[in-house]
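Read off the chains here:
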Amino acid sequence: MIEIRNISKSYTINATTNYVLHNISFRFPDHENIGILGLNGAGKSTLLRIIGQIESPDAGEVRHYGRVSWPIGFRGGFAGSLTAEENCRFVARIYNEDIDRVIDFTRDFAELGRHFFLPVGTYSSGMKARLAFGLSMAINFNVYLIDEVTEVGDNVFKRKSRKVFEERSSRSSLIMVSHNMKTIRTYCSRCAILTKGSLQLFDSVDEAERIYKAL
Amino acid sequence: MRSLVRGLSAQINVVEALVIRETRTRYGRFALGYVWAFAEPLLWIGAFLLAFQLGRRHIPNDMDAVGFLATGLLPFILFRTTVSRTMGAIRANKALLYYPQVRPLDLVLARGILEFITLSVVFLILLFGNTIYLEHLPLDSALQIIVGLIFSSVLAGSFGLAVGSLATMAPSVENLVSPLLRPLLWISGVFFTAAELPTRIREVLLWNPLLQITEMVRAGWYRSFDSNYYSYLYLCAWILAMAFFALTLERVARRKLEI
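Criteria and cut-off values
Numbering of residues starts from 1 in every chain and runs along the sequence as written. Chains and ligands are labelled sequentially in the order written, the chains with letters from A and the ligands with numbers from 1. Only residues with pLDDT of 70 or above have their local features reported here, since the model is predicted, and side-chain atom pairs are shown and tallied only from 80 upward, although totals for entire chains, interfaces and linings are computed over all residues. The basis for every side-chain value is the complete set of non-hydrogen atoms in the structure, without hydrogens or water. Buried and open spaces are told apart on a 1 Å grid over the protein atoms alone, a cavity being a set of points where a 1.4 Å probe fits but cannot get out and a pocket being an open set with protein on both sides within 12 Å along at least five of seven lines. Residues with an atom within 4 Å of a point are the lining residues. Grid points are joined across faces, edges and corners, and a volume is the space filled by probe spheres set on the points. Any residue that is not Ala, Val, Leu, Ile, Met, Phe, Trp, Tyr, Cys, Pro, Asp, Glu, Lys or Arg is counted as polar, Gly included; the first ten are nonpolar and the last four charged. The secondary structure listing takes helices from DSSP runs of H or I that are at least 4 residues long and strands from runs of E that are at least 2 residues long, numbered from the N terminus. Joining through side-chain atoms within 4.5 Å is the link that ties buried Ala, Val, Leu, Ile, Met, Phe, Trp, Tyr and Cys residues into a set, and such a set is a nonpolar core. Categorising residues by exposure relies on relative accessible area from a 1.4 Å probe, with only protein chains included: less than 20% of the type maximum marks a residue as buried, more than 50% marks it as exposed, and the intermediate range marks it as partly exposed. We call two residues in contact whenever any of their non-hydrogen atoms come within 4.5 Å of each other. On a range of 0 to 100, pLDDT expresses the predictor's confidence in each residue. Distance thresholds for patches are 9 Å for like charges and 5 Å for nonpolar side chains (Val, Leu, Ile, Met, Phe, Trp, Tyr), applied to residues having over 30% relative accessible area and no salt bridge. Areas reported as accessible are Shrake-Rupley estimates using a 1.4 Å probe. Residue values count occlusion only from the protein chains shown. What makes a salt bridge here is a side-chain nitrogen of Lys or Arg within 4 Å of a carboxyl oxygen of Asp or Glu, nothing more. Accessible surface is computed with a 1.4 Å probe, and the buried area is the amount of it that two parts give up when combined, taken over both parts together. For the purposes of these results, a polar contact is taken to be a pair of N or O atoms within 3.5 Å, where, inside protein, one atom must be able to donate a hydrogen and its partner to accept one; residues adjacent in sequence count only when each atom of the pair is a side-chain atom. The convention used is that axes are lines fitted to C-alpha atoms, helices contributing only their stretch in contact, and that angles between N-to-C directions extend from 0 to 180 degrees. In what follows, roughly perpendicular refers to angles from 65 to 115 degrees, roughly parallel to angles under 35, roughly antiparallel to angles over 145, and oblique to any angle outside these ranges. In this scheme the crossing of two helices becomes right-handed for a clockwise turn of the near helix relative to the far one and left-handed for an anticlockwise turn of less than a right angle. DSSP bridges decide pairing: two strands pair if at least two such bridges lie between them.

Engineer: Break down empty space enclosed by the protein for me, with residues and values.
Structural biologist: Under the definition given, this model contains 2 cavities of 30 Å³ or more. Roughly 40 Å³ of volume is contained in the largest cavity. Forming the walls of the largest cavity are Ile54, Glu55 and Ser56 of chain A together with Leu97, Arg103, Arg254, Arg255, Leu257 and Ile259 of chain B. Here the residues of the lining of the largest cavity are counted per class, giving 4 nonpolar, 1 polar and 4 charged. Counted as a void, the second largest cavity has a volume near 30 Å³. Contributing to the lining of the second largest cavity are Leu74, Leu78, Phe116, Leu119, Ser120, Phe123 and Leu149 of chain B. At the level of secondary structure, the elements contributing two or more residues to the lining of the second largest cavity comprise helix 3 (65-87) and helix 5 (104-134) of chain B.

Engineer: Describe the nonpolar core, naming the residues involved and giving the relevant values.
Structural biologist: Proteins that are soluble and globular tend to have nonpolar side chains buried together. Of all hydrophobic cores here, the largest spans 73 residues; its most connected members are Trp70, Phe90, Leu131 and Ile146 of chain A together with Tyr99 and Val102 of chain B. A per-element tally of this core places helix 4 (residues 125-138) of chain A first, with 8 residues. Those residues within four positions of Ile146 of chain A in sequence are excluded, and the remaining contacts are Leu48, Ile72, Phe133, Phe165, Leu174, Ile175, Met176 and Val177 of chain A. Listed in part, the 53 residues of the second largest apolar core include Ile45, Phe76, Val83 and Leu149 of chain B.

Engineer: Could you give an account of the confidence of the model for chain B, naming the residues involved and the relevant values?
Structural biologist: Overall, the predicted model of chain B reaches an average pLDDT of 93, with 99% of residues at or above 70. By mean pLDDT, helix 1 (residues 2-27) of chain B is the weakest element of chain B at 88, and helix 10 (residues 209-221) of chain B is the strongest at 97.

Engineer: I'd like to hear about unusual backbone geometry, residue by residue, with values.
Structural biologist: Positive phi, close to 55 degrees, is recorded for Asn96 of chain A, a residue that is not glycine. By secondary structure assignment, the location of Asn96 of chain A is in the loop between helix 2 (84-94) and helix 3 (99-110). The backbone of Glu135 of chain B shows a phi angle near 55 degrees, a positive value even though the residue is not glycine. By the secondary structure assignment, Glu135 of chain B is in the loop between helix 5 and helix 6 (142-169).

Engineer: Let's hear about a nonpolar patch on the surface: which residues, and what values?
Structural biologist: Judged by side-chain polarity, Leu109, Ile113, Ile117, Val121, Leu124, Ile125, Phe128 and Leu137 of chain B come together as a nonpolar surface patch covering roughly 650 Å² of accessible area. The topology assignment puts Leu109 of chain B in helix 5.

Engineer: With reference to specific residues and values, describe the layout of surface pockets.
Structural biologist: In this structure, the largest pocket spans a volume of roughly 1,000 Å³. Lining the largest pocket are 30 residues; nearest its centre among them are Gln53 of chain A together with Gly7, Ala10, Pro100 and Gln101 of chain B. Secondary structure elements with two or more residues in the lining of the largest pocket: strand 4 (59-64) of chain A together with helix 1, helix 5 and helix 11 (232-256) of chain B.

Engineer: Give a detailed account of the environment of Leu74 of chain B, specifying residues and quantitative values.
Structural biologist: Residue and element names in this part refer to chain B. Here Leu74 shows up in helix 3. Owing to a relative accessible area of 2%, Leu74 belongs among the buried residues under this scheme. Along the primary structure Leu74 and Gly189 are separated by 115 residues, whereas in three dimensions their C-alpha atoms are 12 Å apart. When sequence neighbours within four positions are dropped, the list of residues in contact with Leu74 reads Pro41, Leu119, Val122, Phe123 and Leu126.

Engineer: I'd love a proper account of the interface of chain B and chain A, names of residues and values included.
Structural biologist: When the parts come together, some accessible area is lost, and that loss is often what is quoted as the size of the interface. Counting residues at the interface gives 22 residues for chain B, matched by 25 residues for chain A. Of the roughly 2,200 Å² buried between chain B and chain A on both sides combined, carbon and sulfur atoms contribute 56%. Counting across the interface, chain B meets chain A through 1 salt bridge. Taking the shortest distance from any N to any O, the salt bridge between Glu86 of chain A and Arg24 of chain B comes out at 2.5 Å. Where chain B touches chain A, the interface holds 8 residue pairs in polar contact (both at pLDDT 80 or more). Those elements giving two or more residues to the side of chain B that touches chain A turn out to be helix 1 and helix 11 of chain B. Take the side of chain B that touches chain A: its biggest share by element is 8 residues, from helix 1 of chain B. For the side of chain B that touches chain A, a count of residues per class yields 12 nonpolar, 3 polar and 7 charged.

Engineer: Before we move on, can you summarise the packing of helix 2 (residues 32-54) of chain B against helix 5 of chain B with the specific residues and values?
Structural biologist: Residues and elements named next belong to chain B. Interhelical geometry of helix 2 versus helix 5 gives an angle of 55 degrees and a closest axis separation of 10 Å. The angle between helix 2 and helix 5 falls in the class oblique. Remark: the crossing between helix 2 and helix 5 carries right-handed chirality. Each of Ala37, Phe38, Pro41, Leu42 and Ile45 in helix 2 lies in contact with helix 5, whose residues at this interface are Thr118, Val122, Ile125 and Leu126. For the contact of helix 2 with helix 5, a count of residues per class yields 8 nonpolar, 1 polar and no charged.

Engineer: Break down the sheet that holds strand 1 (residues 2-13) of chain A for me, with residues and values.
Structural biologist: Residue and element names in this part refer to chain A. Ordered in space as 2-1-4, the 3 strands form an open sheet in which the pairing is antiparallel. Whereas interior strands pair on both sides, the edge strands pair on one side only; in this sheet they are strand 2 (16-28) and strand 4. Here the average twist between neighbouring strands, direction ignored, is 25 degrees. In the sheet, strand 1 pairs with strand 4 via 5 bridges, with the strands oriented antiparallel. When the bridges of strand 4 are listed, Ser8 appears paired with Ala59.

Engineer: Explain the side chain of Arg111 of chain B to me, and be specific about the residues and the numbers.
Structural biologist: Residue and element names in this part refer to chain B. Along the chain, Arg111 falls in helix 5. A distance of 3.0 Å separates a polar atom in the side chain of Arg111 from the backbone oxygen of Arg85. Residues contacting Arg111, with those up to four places away along its chain left out, are Glu22, Arg85, Thr86, Gly88, Ala89, Ala92 and Asn93.

Here is the structure:
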């Protein structure tokens, strides 16, 4: 479970301060996949980075109960000069996981072929996202934080991703940010909308979709 | 207490993984990287040996030229490369800050530790290789040498952390470092001892902690050479002040850093 309390975050550009998140408190329910919808620039990714504790809020606190993943997305996470295999090795080490198991799982899952042994800097963003997604699935988290990344890959890859999640839905849940209604519908049972710095949870995806479309 | 131990062991785990990773990126898949680690001090020693020959330099206290230069150059090179490696550590590894357990300080620690290990090994091989060649071991205190190298490394790492943290807010500060450090080669006792200097000049140059570290390392290597010109207290004060300054800046950078 994850709980955030009184989170605020602002950015100052050219001496004007913009609040991206303003005094948000939220408890993510256990064992439920939650989608976070929001228009571009609403602060979805910032919120996810704060939840993942890689960015600190100006005020407020984040609490994790259980093992929470890093924010899995297109950006960040890999050293471009190293191969996918070497990156997997590093991540397995910092999460205290069995290195060979993580490498084998990721190689199978990400379907990068011989590119798996080439520097990540040469990858397309789709390949990077597949690698990030596969690698995160190799590690058993209680909560996966996902930033759009499930929209990559062909239908086979998408089906496979969905299947992996279904298999582990009894012990893992996810928090996903996206502006793609279809993806959210595929994975999430409930939805929250981030607007003007506040986060509101809806009981059904349908209800959230109605509000979201009216934004 | 238990959470402190757990936090510490998690951090050691992260730094260890980073050191292993850095070894790959720093020295690559080729042995050439390691060759350079040896070649750089050897080239410097060669150049100074030639200069000593031409200038008919007499080295005091029965010290041999190669050992004299090695004990001066290695703490200096350790300082200089540690600064230049650690100050770029955060910028170069920003992608790794995507993992919540990896913090800017860990990136700097990993690079500093790798430099320390590499150059200590180089130091060991050079000095003992020279010993075998001369068939004479002048060693006075190994502990004093180790402490000197640690001082040089921690002082440099702290400085690098301070610059690297500042650079996350104002990238141009990195450009100031190299011209700032350039004169250090000439005033840090690499090719002279403090005792050889005129009193007035010595009094000024002894403010430079690197000169004191060189004296310390050299006095640790040679039984025939002892120095009154270094103070543990003074060096510790430098290191504490620099580390405090750097860690404060790292805290600020940690909050401001946009990943």
